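# Remarks on the overall topology
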Amino acid sequence: MRLLRRIFPHPFLTLLLTLVWQLLVNDLSLNSLLFGFFLGIVIPVVTMPYWPNRPKLQNIPMVIEYILVVLYDIVVANIAVARIVLFKPDAARTPAWVRIPLELRSPEAIAVLAGTITMTPGTLSADLSAKGHSLLVHCLDTDDPEAVRDEIKQRYERRLKEIFE
Amino acid sequence: MAFAGELLISFFLIVSGIFGFVGSFGLLKLSDPMSRMHAPTKATTLGVGGVLIASILHSIFIEQHLSLHELLITLFLFITAPVSAHFIAKWHIHRHETPESLPDAGDDGVWATHDIEEDEDAADMPR
């Protein structure tokens, strides 16, 4: 078991690298599969010093649910932003800054949350507070900044908390 | 079957064309720098995404083999787009916003971009 941990310090990364190599080669053969697997073993071992406190993914079904929710939101976000850009006169638009107090503590989870906010409906993550306890978000058009804050906390942060912590 | 495939491919190409256009148009039309960033970070996701889906469908229906390395482009786009948008936003805050013009940063007092140590020499340096 310990030998297995030495060879695969990061089993998900091994799997991901093998998969990405298949996609890069774009042709499934024993040759590419073996070489992808070889890279999947070597790269985690070589980069081990760079992730001393790597997060553990707690809840795999939640990861899939999160990806689906975000993909759906991206499509909705695109249509919503397109409507604002095309049909709403600039004077009628009310941009706003919103502060989101964070319950997440792990840097990886905050990075995923910030990236998600940028990709989804009318919001853009702009800055983190000095000690990383809140996130500054810019809204393209909102009447109610507090509703935006609650939705982000409820929809994304709650799920990320279950995944990472 | 081939006709249905072509129809589907054209649909995704048209969708991506429309959203690509909206993204660039938004960059011109919106008035302030922060709002301008919304258009390219979002509309282009679906714009590029549409082309990639069309490309996957083309390989299935027309070339008769499965090609999925388009998914990697999507993956890389999802990683890079928020990071570059974040850089531009930080630049904007650094040059055009003061701690007073932004909302209160809660317990931490100040946003990270404004968390700079005062340097006496810096005042004399040319900008």
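Residues numbered from 1 in each chain as written. Chains lettered and ligands numbered in written order. Predicted model: local features only at pLDDT ≥ 70, side-chain atom pairs only at ≥ 80, totals over all residues.

Time to look at the overall build of chain B. In terms of helices and strands, chain B carries three helices and zero strands. With 127 residues in all, chain B has 24% of them scored as buried. Taking as baseline every contact in chain B between residues at least 6 positions apart, the subset at least 24 positions apart corresponds to 56%. (Helix = DSSP H or I, 4+ residues; strand = E, 2+ residues; numbered from the N terminus. Buried ≥ 20, exposed ≤ 12 C-beta atoms within 10 Å, placed from the backbone. Contact = placed C-beta atoms within 7 Å.)

Before going further, it helps to spend a moment on the overall build of chain A. A tally of regular secondary structure across chain A gives six helices and three strands. Secondary structure elements in chain A, listed N-terminal to C-terminal, are α-α-α-α-β-α-β-β-α. Considering only C-alpha atoms, chain A reaches an extent of 60 × 40 × 25 Å along its principal axes. Burial analysis of chain A (165 residues in total) assigns 26% to the buried set. Here the contacts in chain A between residues at least 6 apart in sequence split such that 68% fall between residues at least 24 apart.

This part covers helix α4 (residues 60–87) of chain A. Here α4(A) spans 41 Å end to end across 28 residues, near enough to the 40 Å set by a 1.5 Å rise per residue. Residues of α4(A) that are buried: A:Ala77, A:Asn78, A:Val81, A:Ala82, A:Ile84 and A:Val85. (Expected span 1.5 Å × (residues − 1).)

Attention now goes to helix α6 (residues 145–164) of chain A. Residues and elements named next belong to chain A. When the terminal C-alpha atoms of α6 are compared, their 27 Å separation across 20 residues agrees well with the 28 Å that a helix rising 1.5 Å per residue should span. The largest bend along α6 measures about 35° and falls at Glu157. Taken together, the buried positions of α6 are Val148, Ile152, Tyr156, Glu157, Leu160, Ile163 and Phe164. Buried residues along α6 sit in contact with α4, β1 (96–101), α5 (107–119), β2 (123–128) and β3 (134–139). (Bend = angle between axes of the 7 residues up to and from the residue.)

This brings us to the pairing of β3(A). Residues and elements named next belong to chain A. The element β3 is largely enclosed, with a buried count of six among its six residues. Alternating positions in β3 separate into two faces, Ser134, Leu136 and His138 on one and Leu135, Val137 and Cys139 on the other, with burial throughout. Sheet analysis places β1 next to β3, joined by six bridges and oriented antiparallel. Bridging across to β3, Ile100 finds its partner in Leu135. Across five bridges, the pairing between β2 and β3 is antiparallel. Residue pairing for β3: Thr123 is matched across the bridge by Cys139. Turn length for the β2-β3 hairpin, with the two strands adjacent in sequence and antiparallel, is five residues, and the turn residue Gly132 shows positive phi of about 80°. (Pairing = 2+ DSSP bridges.)

With that out of the way, let us pick up the sheet that holds β1(A). All names here are of chain A. Taken together, three strands build an open sheet; the order of strands is β1-β3-β2 and the sheet is antiparallel. With partners counted over all chains shown, the strands left at the sheet margins are β1 and β2, one partner each. Between one strand and the next, the sheet's axes are offset by a mean angle of 30°, whatever the strand orientation. Contacts between α5 and the sheet are confined to β2 and β3, with β2 contributing the most and set at about 145° to the helix. (Axes fitted to C-alpha atoms, helices over the stretch in contact; angles between N-to-C directions.)

A few words on the domain arrangement of chain A. Looking at chain A, the domain boundaries give domain 1 (2–50) and domain 2 (60–164). Computed over C-alpha atoms, the centres of domain 1 of chain A and domain 2 of chain A are 33 Å apart. (Domains from an automatic or database assignment.)

Our next topic: the interface of chain A and chain B. It is common to give the size of an interface as the accessible area that goes away when the parts come together. Tallying the contact residues gives 35 residues for chain A and 43 residues for chain B. Mapped by element, the contributors of at least two residues to the side of chain A that touches chain B are α2 (11–25), α4, β1, α5, β2 and β3 of chain A. No other element matches the eight residues that α4(A) contributes to the side of chain A that touches chain B. Looking at the side of chain A that touches chain B residue by residue, the class counts come to 21 nonpolar, 10 polar and four charged. (Nonpolar A, V, L, I, M, F, W, Y, C, P; charged D, E, K, R; others polar.)

Our focus in this paragraph is the packing of α5(A) against α6(A). Residues and elements named next belong to chain A. Remark: α5 packs on α6, axes separated minimally by 10 Å, with the N-to-C direction vectors making an angle of 150°. Taken together, the axis directions place α5 and α6 in an arrangement best described as roughly antiparallel. For α5 against α6, the interelement crossing comes out right-handed. Listed contacts from α6 to Glu108, Ala109, Val112, Leu113, Thr116 and Ile117 of α5 are Ile152, Tyr156, Glu157, Leu160 and Phe164. Among the residues making up the contact of α5 with α6, the classes are represented as eight nonpolar, one polar and two charged. (Parallel < 35°, antiparallel > 145°, perpendicular 65-115°, else oblique. Left-handed = near helix turned anticlockwise from the far one by under 90°.)

Quick look at the packing of α2(A) against helix α3 (residues 30–46) of chain A now. All names here are of chain A. For the pair α2 and α3, the least separation of the axes is 8 Å and the interaxial angle reads 140°. Our classification of the angle between α2 and α3 gives oblique. Between α2 and α3 lies a crossing of right-handed hand. Contacts from Leu13, Thr14, Leu15, Leu17, Thr18, Trp21, Gln22 and Val25 in α2 reach Ser32, Leu33, Phe35, Gly36, Phe37, Leu39, Gly40, Ile41, Ile43 and Pro44 in α3. Residue classes in the contact of α2 with α3 are distributed as 12 nonpolar, six polar and no charged.

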